[in-house]
Each structure stands twice: as C-alpha cells, then as structure tokens.
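# Topology and contacts: notes
Chain by chain, the residues:
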Amino acid sequence: MTETCNRYYSTRYFLSTRDRNKQSATHKVGIKAILFSLFINLTHCCNLDCSICLVKSDLSSRKKQELDTRTIKQILDEAASLGALNVGFSGGEPLLREDFEDVYVYAIKKGFLVSIYSNITLLTSSTLDLFQRYPPDRIQVSVYGLSREIYEKVTRVPGSFDSFMNNLAGLRERRIRLSLQFTLCSSNEKECEHFIHSFPKKDYELKNATIYLYKHMRSDARRNALIEQVMLPPAKMAYYVFKYQFSSRMGFLFSPSDRRKIRGQNKLFWRCLKDIETLSISPSGECCFCYEMPVPENRRQYKPGKLKEIVRVLLEEKKNAIMPDIECRDCPNLLYCEWCPLYAYVFMGKLAPIPYFCEVMKELNLLGVPMLTEEVIYAGKEKEQKEKV
Amino acid sequence: MKWKDERPIRKNNTVLREIEGESLLVPIAQFDDPFLILYTLNDAGRFIWDIIGTSCSAGEIVKKLMEQYEVDEKCAQKDVEMFLSLLHDKDLISFNKVENDRNM
C-alpha cells in the first residue's frame, strides 16, 4: 500500500465539525499559524458619551486619523496569508464607519471568523439583514443597564436605550450569536446582579461582566473626573470579583496547579494569557499584541506588505521582554491582580503600580484570597499527588 | 450507487481556507446548528471537495478516488456515497442530474 492509501484508510472521517460545545473556537483546530487572530479598532470615536469610557464622541476630525478601506482590506489579505482565522472589529463604535458593511463582507468572504464589539445602537435594518445573510462568529454587545433610566444615565444619549433594546431583539430574531457584556459601575450596580442571575439568554449566547473602568484618558481631565465618580470603591469591587470571579485572573484562586504553572511568568513583562496570539491594530494602524491600546514599548506602525515582518519582530520582543524593576514585580498578589503594562499606561501614564488595584487586592486578601507566598503556591501539592495516585 | 449520474454542486455557504496544511470550511451563511464554528476536511475529503468544484458526477469522483488512493471500486463507492451524503445533510452541496446539464 502507498502512503496516501494508508492515510486514506487511517482517517475515514472526511469531514469533522468544530462546534462550541468543545472548547473555544480558536483553540480548536490545533493549527500553528504565524498569526492566529487579528483585532482591528476601526475608529477611536463612539456615538454614545458614556460616563465610564475614554472614547471620544467628537466625530469631527476622526477620519483623518483612521485607516482607509483599502488599507484595512490589505491588512486582512496579509493576515489571511499568515494563517489568521479570527478577526475582531472594535472601536470606539465600529458601526460608525461608513465602510463598515464593505469591510465586514470582505472579511467574511475571505474566510475569517468575524467578531464585532459594539453597543449595537447604530444597527439599521440593512445591517441586521446583512448579519442574517452573513452571520458574524459573535457580536459582543455592551450592556450599560437594563432600564431606560440607568442605561441612559451611563450612555448620556437620550433614546439610546430604545435603540439598544430594539436591536437586541432584532439580532435575537435572526439567531445571531451574542456575547452580552455588562459594564459595571456605581450607576448601574443595582442592575448587575439582576443581569447575572435573571436576564434571559439563549443557550448559544454568553453573558459576563466587565468590572474595571480602566479606560482612563489621562489627557482629558473632565473625562477622568467623570470616570472616577462612577468607579466602585475598592471594597465593593473586591466583593464582585470574589463573588462572581469577574476577573480574568481569579481562576487561579481555585486551582493550585494553575498557580504553579504560571508562577514562573511573574517576572515577564507581558503575562496576559488570553490575547497572546492576537495582533491588535489601532485606528491609525499601530500594531501590537494587546487587545486594547498599544503600549509605547511594544508597537509598530503598519506598512503595506510588512505585516509578517511586524508580527515576527513583535513576537520576538514580547517573548524576551522582562518586567522592569517596579514594586509590582515581586508583589505576592500579582497573579490575581489585573495589573498589566497596558493598564499601567492607561491609569498612570507609565509603568508603575496602580493604587486602585492595590486597594482592591488588599480587600480581596481580607476576604480570604491568599497572597501567593511559596507556602500557598505549593499548598495542597501532596494531596493532589495522592489523589492522582 | 446513489447519485452515480448526478453532479454534486458546492453551495456558496462556506469558504475554503488552507492554514498550515489544514483544510477548513468556514461558514459564511447561517446554518441550523447555532454552535457550529467550522468544518475540517482530511486529505481525502479535501481531494473530493476539489473534484466537486470541477463538475464531475459522483461516478467520476469514485474513479478519481480509486486512481488517487489505490482503493477498490466497492470501497471507493461506499466512501464517496457516505461523504456526499454527509455534505448534503450538512447543506454544503446540492445535486444536479448530469443529463439535464448536457441537454442545456
């Protein structure tokens, strides 16, 4: 028998299905491509004026700072040739772009699994129909409240709640996969628990909450003051983090073996686990491996035809980057804390501890979250081994 | 053999991606299963998928599969039938009578 013949007989499953009942879509196919996924911030601007967000609602000068349609398509072409399977369109509000539908359909027809991050208030019947015809992999919908009063207190745009609810219904009618993301702040705190426990959800939808209002625009004092007003006090934040494990890092609390695995990464500059394979591109074309704003040390300007080289350089730099000698480096809470270089720049304008995060961690310690001393890291190891045996 | 004189036709509801040697069918239209992400094809599946794009009948696909993989006719017929049936059930292909096409 020839080799091809053997292969033919050894794998009789000509067609296999990958679905959401098995792990995440992305860590799925087991492909080791150069670039796994892409996150494109299409615009800096938003149609809403949320008290909790740094994004500008001034639309006047935005087009000058944004990549044009042709360049975005070229980026998609290059990313596809590097093996990227997922692309996320975010902003600001991506639906603000006049060419959104054009770019979206281009990405779909290119064979990307497309996710959209949106407040959905700008959806039109034409966009809804487009999503029905060419469904996105998922739309992550920002939820600011469940009543008109609270929702519009946060968004500060009259009529936005009705648009949100109507479009949510429109998306659900069309069976579009949604991920509902509640953004928790002092204005909508009362509705958060209701959202978590009783807000209806289809079995193929996800719902979660974002806790930290990290989008803190340093250059805008008015915006900073607004954000500070609605941030939850550290003790309350700790309560939500502890009760609902909203924090992406809280999983480590409950798994000693995970703590041990990640321990060595304490000294690494980048220790984010979820976005390590996602290249983020800002509205003006700055590339970095982080899903939000680029950090100065680790970004490159996109040039046509150079995406592969940019990815190579950034990955190399990321692999070797060591966390600078700041207080956080040896903090026994670092594994649980949301501190990262991005947040440090956003909150503090430099690589430095973020006092608000320190306060939250102290409160968490009071609630019983252990600091990660050697004893804690290795606690339970013997028991685990015995159980294994 | 079922569909022997029929020609399978790909529907325009997926895009074929080849990433690092893996063949993926990425859905671009809405499917009944809301949990579906994508399909993967193995070597033989990809071989047949490519032939489907060239207006061959199911019978011709069997012959090409026999040549490519050195399998006997009975086995190839069974596998092609099984695979086409699966693709049809998943709404990835439809069938046309070969005679009808030739008369046109």
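Look up a bit, the structure's there.
All values reported here derive from a predicted model rather than from experimental measurement.

### Observations regarding the overall build of chain A
Scanning chain A from terminus to terminus reveals 15 helices and ten strands. The burial tally for chain A puts 36% of its 389 residues in the buried class.

### Quick word on the overall build of chain B
The secondary structure content of chain B amounts to four helices and five strands. Along chain B, helices and strands appear, N-terminal first, in the series β-β-β-β-α-α-α-β-α. Here the C-alpha atoms of chain B give a radius of gyration of 14 Å, agreeing with the 13 Å that 2.2 N^0.38 yields for 104 residues. When the backbone C-alpha atoms are referred to their principal axes, chain B occupies close to 35 × 35 × 20 Å. A total of 104 residues make up chain B; the buried ones form 35% of that total.

### Quick look at unusual backbone geometry
Residues G91(A) and G92(A) are joined by a peptide bond in cis, for which omega reads 20 degrees. Positionally, G92(A) belongs in the loop between β3 (86–90) and α3 (100–109). Its identity is not glycine, yet S55(B) carries a phi of approximately 65 degrees, on the positive side. Looking at the secondary structure, you find S55(B) in the loop between α1 (43–52) and α2 (58–69).

### A few points about the sheet that holds strand β8 (residues 278–281) of chain A
Where strands meet in a sheet, backbone hydrogen bonds hold them as pairs that are either parallel or antiparallel. Residues and elements named next belong to chain A. On the basis of which strands lie adjacent, the open sheet formed by nine strands has the order β7-β6-β5-β4-β3-β2-β8-β9-β10 and mixed pairing. Across the chains shown, the open sheet's two edge strands, defined by having one partner strand only, are β7 (206–210) and β10 (300–301). Note that strand β4 (residues 113–118) and strand β5 (residues 138–143) share four bridges and pair parallel. Its bridge partner lying in β5, S118 is registered against V141.

### Let's talk about the pairing of strand β6 (residues 178–183) of chain A
Each regular strand shows side chains that alternate between the opposite faces of the sheet. All names here are of chain A. In this structure, β5 lies alongside β6, joined through five bridges in parallel fashion. The residue bridging S142 from the neighbouring strand is Q181, located in β6. Looking at chain direction, β6 and β7 are connected through five bridges and run parallel. By the bridge assignment, S179 is partnered in β7 with L206. The parallel pair β6 and β7, bridged by helix α7 (residues 189–198), forms a crossover whose chirality is right-handed.

### Digging into the packing of helix α5 (residues 148–155) of chain A against helix α6 (residues 160–173) of chain A
Residues and elements named next belong to chain A. At a minimum axis separation of 8 Å, α5 and α6 run at an interaxial angle of 110 degrees. With respect to their mutual orientation, α5 and α6 come out roughly perpendicular. Here R148, Y151, E152 and T155 of α5 lie close against α6, whose contacting residues are S160, F161 and F164. Its residues placed into classes, the contact of α5 with α6 shows three nonpolar, two polar and two charged.

Cut-offs and rules
- Residues numbered from 1 in each chain as written.
- Chains lettered and ligands numbered in written order.
- Predicted model: local features only at pLDDT ≥ 70, side-chain atom pairs only at ≥ 80, totals over all residues.
- Helix = DSSP H or I, 4+ residues; strand = E, 2+ residues; numbered from the N terminus.
- Buried ≥ 20, exposed ≤ 12 C-beta atoms within 10 Å, placed from the backbone.
- Rg over C-alpha atoms; globule rule 2.2 N^0.38 Å.
- Pairing = 2+ DSSP bridges.
- Right-handed = clockwise from strand over helix to strand, strands pointing away.
- Axes fitted to C-alpha atoms, helices over the stretch in contact; angles between N-to-C directions.
- Parallel < 35°, antiparallel > 145°, perpendicular 65-115°, else oblique.
- Contact = placed C-beta atoms within 7 Å.
- Nonpolar A, V, L, I, M, F, W, Y, C, P; charged D, E, K, R; others polar.

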